[in-house]
Amino acid sequence: MLIPAALMLIAVILLISGRFVTRSLSLTDDALPNIKDIYSNGSGYVIGSVKELDYAGIDYIVRNKTAGRVYYTIKDGKCYYFILSSSHLPKDYYVLEDYVFQAKLITDTELLRKINSQMSTYLEFPIKDIESATSSVIISEYHLFHSFGTLYIILLLAVIITALITMISTVVIIIFPSKSISIRRLGKYGSRYRLYINAMLEYEEATELSDDKISLSENFIFINAPIFLDIVPINNIERIYKLSEVHHTKTNISVTTPLCIITDKKELYKIHMVSDSLAALITTRLLKINPEIIIGYRTADNNTSQHMT
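Below you will find a few notes about this structure. (Residues numbered from 1 in each chain as written. Predicted model: local features only at pLDDT ≥ 70, side-chain atom pairs only at ≥ 80, totals over all residues. Heavy atoms only, no water.)

### Description of the overall build of the protein chain
Secondary structure summary: the protein chain contains nine helices and 16 strands in total. The buried share among the 309 residues of the protein chain stands at 39%. Of the contacts made within the protein chain by residues no fewer than 6 positions apart, 56% connect residues no fewer than 24 positions apart. A total accessible area of about 18,600 Å² is found for the protein chain, and carbon and sulfur atoms account for 57% of it. (Helix = DSSP H or I, 4+ residues; strand = E, 2+ residues; numbered from the N terminus. Buried < 20%, exposed > 50% of the residue type's maximum accessible area, 1.4 Å probe, protein only. Contact = heavy atoms within 4.5 Å. Areas by Shrake-Rupley, 256 points an atom, 1.4 Å probe, with all protein chains shown as cover.)

Put into structure tokens, the structure is as follows:
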């Protein structure tokens, strides 16, 4: 149950942190002259209303679709641009009165230059005059719903759904142990129900070779994997060997040396983070129970193997 609990904890942390990340400050007509300070000192998210917005005759196109429309309002001789989501606008959208909005404050030099250029052409004013009278901060409804906020919500939902699925799966396995991967793998060696019952009877008396990781009984070796318990019938073990794995990622190269167990059904079990002394102890104990186990991948004299990923 640790994994679903951890996922739910991550979801709670995201939910709590999201309240701080997306906290909105108030923005009204009177506060527009202070918009630079609000942008610099706040979260970048605002909520408020303006008495009047005029359509600038400019549409905001994304992937060949009208995603928003550009509006402006004048306050104390300064022009402030708004990009409003087209889906939120009324049919008569040319002049908006007492418009209530929730938006993100953005600074995009190229976007601002394009808008000012269009306004200069439309109003037949020199672009320098337009630029000097225009705020560099744009109030955008569109960017509120198509920025980090949306990605954050998707991430939060993904974590919650994954946690719920994992939790439900874990509960099902607890109620119906036969549905677990461990029990299904046992079915390769005979009656999985009989083997499972025998394994559980021996598990209580099994000898721990490593704290909560490896246990050994008369007929089974128990390997605690991250999600489930691997149960391997010792009489079905064919080979045991140390494997060297070189993991090469974009940023790192690491080497792991798990102890590998192969059964006569060609099932592979890996015991990770095993020291040489523990590997030797496990091998010795298994050989006492099943002397026919081959040590090494190819021959009895070859006790190591290498694998690169």
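Back to the write-up after that little detour.
### Focus: unusual backbone geometry
Phi is positive for Asp76, close to 55°, though the residue is something other than glycine. Within the secondary structure layout, Asp76 lies in the loop between strand E3 (65-75) and strand E4 (78-85). With a relative accessible area of 66%, Asp76 lands in the exposed category.

### Re the environment of Ile261
With respect to the helices and strands, Ile261 occurs in strand E13 (residues 259-263). Exposure remark for Ile261: the relative accessible area of 0% places this residue in the buried category. Put simply, Ile261 and Ile271 are ten residues apart on the chain and 8.2 Å apart in space, counted from C-alpha to C-alpha.

### Remarks on the nonpolar core
In terms of nonpolar packing, the biggest core is built from 29 residues, with Ile221, Ile223, Ile261, Ile271, Ile282 and Leu286 touching the most fellow members. Once residues lying within four places of it in the same chain are set aside, the contact partners of Ile261 are Ile221, Ile223, Ile237, Arg239, Ile240, Glu267, Leu268, Tyr269, Ile271 and Leu286. (Core = buried A, V, L, I, M, F, W, Y, C linked by side-chain atoms within 4.5 Å.)

### Quick notes on the packing of aromatic side chains
Summed over the entire model, instances satisfying the criterion amount to eight aromatic pairs. Taken together, a centroid distance of 4.8 Å and an interplanar angle of 70° make the contact between Tyr203 and Phe222 edge-to-face. With Tyr203 in helix H8 (residues 192-203) and Phe222 in strand E9 (residues 220-224), the pair connects residues that are 19 residues apart, well separated along the chain. The exposure class of Tyr203 is partly exposed, given its relative accessible area of 28%. (Phe/Tyr/Trp six-rings, centres within 6.5 Å; stacked < 30°, edge-to-face > 60°.)

### Comments concerning the pattern of salt bridges
This model, assessed by the stated rule, comprises nine salt bridges. Asp30 is paired through a salt bridge with Lys75; the nearest N and O atoms lie 3.3 Å apart. Of this pair, Asp30 sits in the loop between strand E1 (25-27) and helix H2 (35-41) while Lys75 sits in strand E3, placing them 45 residues apart in sequence. Judged by relative accessible area, which is 61%, Asp30 ranks as exposed. Residue classification places Lys75 among the partly exposed positions, given a relative accessible area of 23%. A salt bridge links Arg113 to Glu110, with the shortest nitrogen-to-oxygen separation between them at 2.9 Å. In this pair, Arg113 and Glu110 are both assigned in helix H3 (residues 109-123), three residues apart and thus about one turn of the helix distant. Each member of the salt-bridge network shares a partner with another, and the members are Arg185, Lys188, Asp230 and Glu267. (Salt bridge = Lys/Arg side-chain N within 4 Å of Asp/Glu carboxyl O.)

### Here's the deal with helix H9 (residues 276-289)
Within an α-helix, residues lying three or four positions from one another point in the same direction, as the helix has 3.6 residues per turn. For H9, spanning 14 residues, the distance from its first C-alpha to its last is 20 Å, which sits close to the expected 20 Å at 1.5 Å a residue. Taken residue by residue, H9 has Leu278, Ala279, Ile282, Thr283 and Leu286 as its buried positions. Buried residues of H9, seen end-on, are gathered within an arc of 135° and therefore sit on one face of the element. Projecting away from the buried face of H9 at angles above 90 degrees are the exposed residues Asp276, Ser277 and Lys288. (Expected span 1.5 Å × (residues − 1). Arc of directions from axis to C-beta.)

### Looking at the pairing of strand E5 (residues 95-106)
Pairing between strand E2 (residues 45-62) and E5: nine bridges, direction antiparallel. Looking across to E5, one finds that Val46 is bridged to Ala103. Pairing of E5 with strand E6 (residues 138-140) involves three bridges; the strand directions are antiparallel. Across the sheet, Leu105 pairs through a bridge with Ile139, a residue of E6. (Pairing = 2+ DSSP bridges.)

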